[in-house]
Amino acid sequence: MQLLPGRAITGMSAILLPHLDSATVDWASLDAHIARTYEAGLTPAVNMDTGYVQLLDTDTRAQVLDRASAIAGSDFVAGAFVADEPKAAFDLDAYRRAADEITHRGGLPVIFPSHGLNNHGDAAWLDAHGQIATHLDRFIGFELGPMFVPYGRIVSLDTYRGLLELPQCIGAKHSSLNRELEWDRLALRNEVRPDFLVLTGNDLAIDMVMYGSDYLLGLSTFAPDQFAERDRLWAKGDPGFHQLNDMLQYLGHFTFRPPVPAYRHSAAMFLEMRGWANSDAIPRGAPTRPDSDREILRDIGERLGVL
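Structure report, in brief. (Residues numbered from 1 in each chain as written. Predicted model: local features only at pLDDT ≥ 70, side-chain atom pairs only at ≥ 80, totals over all residues. Heavy atoms only, no water.)

## A word on the pairing of strand S4 (residues 43-46)
For clarity, the threshold we go by: Accessibility here uses a 1.4 Å probe with only protein chains present; expressed as a share of the type maximum, an area under 20% marks a residue as buried, one over 50% as exposed, and anything in between as partly exposed. Strands here mean DSSP runs of E at least two residues long; helices mean DSSP runs of H or I at least four residues long; both are numbered from the N terminus. Pairing between two strands is assigned when DSSP locates at least 2 bridges connecting them. When the strands point away from the viewer, a crossover counts as right-handed if the path from the first strand over the helix to the second runs clockwise.
With burial as the criterion, each face of S4 is covered, one bearing Thr43 and Ala45 and the other bearing Pro44 and Val46. Examined bridge by bridge, strand S1 (residues 11-14) and S4 share 3 bridges and lie parallel to one another. By the bridge assignment, Met12 is partnered in S4 with Thr43. Relative to strand S5 (residues 77-80), S4 runs parallel, the two sharing 2 bridges. Within the sheet, the bridge partner assigned to Val46 lies in S5 and is Ala78. As a crossover connection, the stretch from S4 through helix H2 (residues 58-72) into S5 is right-handed.

So this is what it looks like as structure tokens:
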């Protein structure tokens, strides 16, 4: 793939949901984190995997949406999440309700994976998105690999082409952690629908923006200020982009090591170190990192100039 220097990057940052303890959301820190992300020039993405959407009850998810809307107006995206069980059928009505909760607050839905959406083959996956498209004017698709959730699915390139043919789908987050699969999607996008957003979710290869990807990352929740600065450097053609990107990528490789979902605890530690959260608590049921990670996180933070 050809590098595209000087390109303006569209950045969306998944928002960590800070906690005071395993059962109590730190609402003040959440509000501040949404605000700093928005003020940095990135689009806040709430109720995503980074925000523990699978572990939240209905009322908490709704409160997160209310706060995102109050802070960012209509400039936020959010996961349209449907909780179900293995072998469940695709539940169109449930997805409609989840999407409506977002659009009624001005946000843009991201069609979050579920068993019913992902476990019935590529043709059924594409058909389900076609049904969703009859209800929504605009939405973002989401390929999520099984290293993140057991009901993740990465579809074939032919199926992805079908997604591009849905005008209501303005883009899709791609989280396979595989460069080649994403390069294939970029090439297809360039051929079929140049305005479609290929949103990299590859926290192990955040330089995919150099090839034409935009992003919706969990890693950027650690440092939305630094990601925004990195993006500005790329748009200006400033070689400082590479040094900053390398350090952010070091943070990504360390925090997104197996088990991958534990990156959220790493983020909680880092935000606490930055004074952006009152504790490193995470909700009950989320995987944890050892306390020994703090020394390395502090070293990375100091190198980034944020600690």
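## Digging into the environment of Met273
Applicable threshold: When checking whether two residues touch, look at their non-hydrogen atoms; a contact exists if any pair is within 4.5 Å.
The topology assignment puts Met273 in helix H10 (residues 263-273). Along the chain, Met273 and Leu56 lie 217 residues apart, while their C-alpha atoms are 25 Å from each other. Residues contacting Met273, with those up to four places away along its chain left out, are Arg294, Leu297, Arg298 and Leu307.

## Remarks on the nonpolar core
This is how the line gets drawn: Residues grouped as a nonpolar core are buried Ala, Val, Leu, Ile, Met, Phe, Trp, Tyr and Cys residues, joined through side-chain atoms within 4.5 Å.
If you look at the biggest cluster of nonpolar residues, it comprises 104 residues, and the most contacted ones within it are Val46 and Leu216. The greatest single-element share of this core, amounting to 7 residues, is contributed by H10. Among all residues touching Leu216, those that are not within four sequence positions of it are Met12, Ala14, Ala45, Met48, Val77, Val110, Lys173, Leu199, Thr200 and Gly201.

## What to know about the packing of aromatic side chains
Here is the rule we go by: Classification of ring pairs rests on two measures: the distance between centres of Phe, Tyr or Trp rings, Trp counted by its six-membered ring, which must be within 6.5 Å, and the angle between planes, read as stacked under 30 degrees, edge-to-face over 60 and tilted in between. Throughout this description, the term charge over a ring refers to an Arg CZ or Lys NZ atom that lies within 6 Å of the ring centre and within 35 degrees of the ring normal.
Across all of its chains, the model carries 9 aromatic pairs by this definition. On the numbers, 5.5 Å between centres and 80° between planes, the contact of Phe112 with Phe142 is edge-to-face. Of the two residues, Phe112 is situated in the loop between strand S6 (108-111) and helix H4 (115-118) and Phe142 in strand S7 (residues 139-144); the sequence distance between them amounts to 30 residues. Judged by relative accessible area, which is 0%, Phe112 ranks as buried. Here Phe142 falls in the buried class, since its relative accessible area comes to 3%. Centre to centre, the rings of Phe256 and Tyr263 are 4.2 Å apart; their planes meet at 15°, and the pair counts as stacked. Here Phe256 and Tyr263 have matching classes, each one buried. These aromatic residues form a ring-pair network of at least three members: Phe81, Phe112 and Phe142. In this arrangement the basic side chain of Arg36 is found over the ring face of Trp276, its NZ or CZ atom lying 4.0 Å from the centre. For the cation-ring pair, Arg185 lies above Tyr160, with the distance from its terminal atom to the ring centre recorded as 4.9 Å.

## Examining the side chain of Arg264
To be explicit about the condition: Pairs of N or O atoms are called polar contacts if they sit within 3.5 Å, as long as, within protein, a hydrogen donor faces a hydrogen acceptor (for residues adjacent in sequence, only side-chain-to-side-chain pairs).
Relative to the helices and strands, Arg264 resides in helix H10. In terms of polar contacts, Arg264 uses its side chain to reach the backbone carbonyl oxygen of Asp49, at 3.1 Å. Discounting chain neighbours no more than four positions away, the residues touching Arg264 are Leu16, Asp49, Thr50, Tyr52, Gln54, Ile282, Ala286 and Pro287.

## Details of the packing of helix H5 (residues 122-133) against helix H6 (residues 157-164)
Our working definition: What counts as an axis is a line fitted to C-alpha atoms, over the stretch in contact for a helix, and the angles between N-to-C directions run from 0 to 180 degrees. For this classification, under 35 degrees means roughly parallel, over 145 means roughly antiparallel, 65 to 115 means roughly perpendicular, and everything else is oblique. Note on residue categories: nonpolar means Ala, Val, Leu, Ile, Met, Phe, Trp, Tyr, Cys or Pro, charged means Asp, Glu, Lys or Arg, and polar means any other residue, Gly included.
Remark: H5 packs on H6, axes separated minimally by 10 Å, with the N-to-C direction vectors making an angle of 10°. Judged by the inter-axis angle, H5 sits roughly parallel to H6. Residue-level contacts link Asp122, Trp125, Leu126 and His129 of H5 to Thr159, Gly162 and Leu163 of H6. Looking at the contact of H5 with H6 residue by residue, the class counts come to 3 nonpolar, 3 polar and 1 charged.

## Digging into the pattern of salt bridges
Put simply, the rule is: Any Lys or Arg side-chain nitrogen located within 4 Å of an Asp or Glu carboxyl oxygen qualifies as a salt bridge.
Following the criterion strictly, the structure yields 17 salt bridges and no others. Salt-bridge contacts for Arg67 lead to Asp31; the nearest nitrogen and oxygen are separated by 2.7 Å. Taken as a pair, Arg67 in helix H2 and Asp31 in helix H1 (residues 27-40) lie far apart in primary sequence, 36 residues in all. For the salt bridge of Asp231 with Arg230, the shortest nitrogen-to-oxygen distance reads 3.1 Å. Since its relative accessible area comes to 7%, Asp231 is described here as buried. Assessed through its relative accessible area of 0%, Arg230 is described here as buried.

## Examining the side chain of Asp49
You can see Asp49 is positioned in the loop between S4 and H2. Residue Asp49 is classed as buried on the basis of its relative accessible area of 7%. Of the polar contacts made by the side chain of Asp49, one reaches the side chain of Tyr263; its length is 3.1 Å. With sequence-adjacent residues up to four places away left out, Asp49 is seen in contact with Gln54, Phe112, Phe148, Val149, Tyr263 and Arg264.

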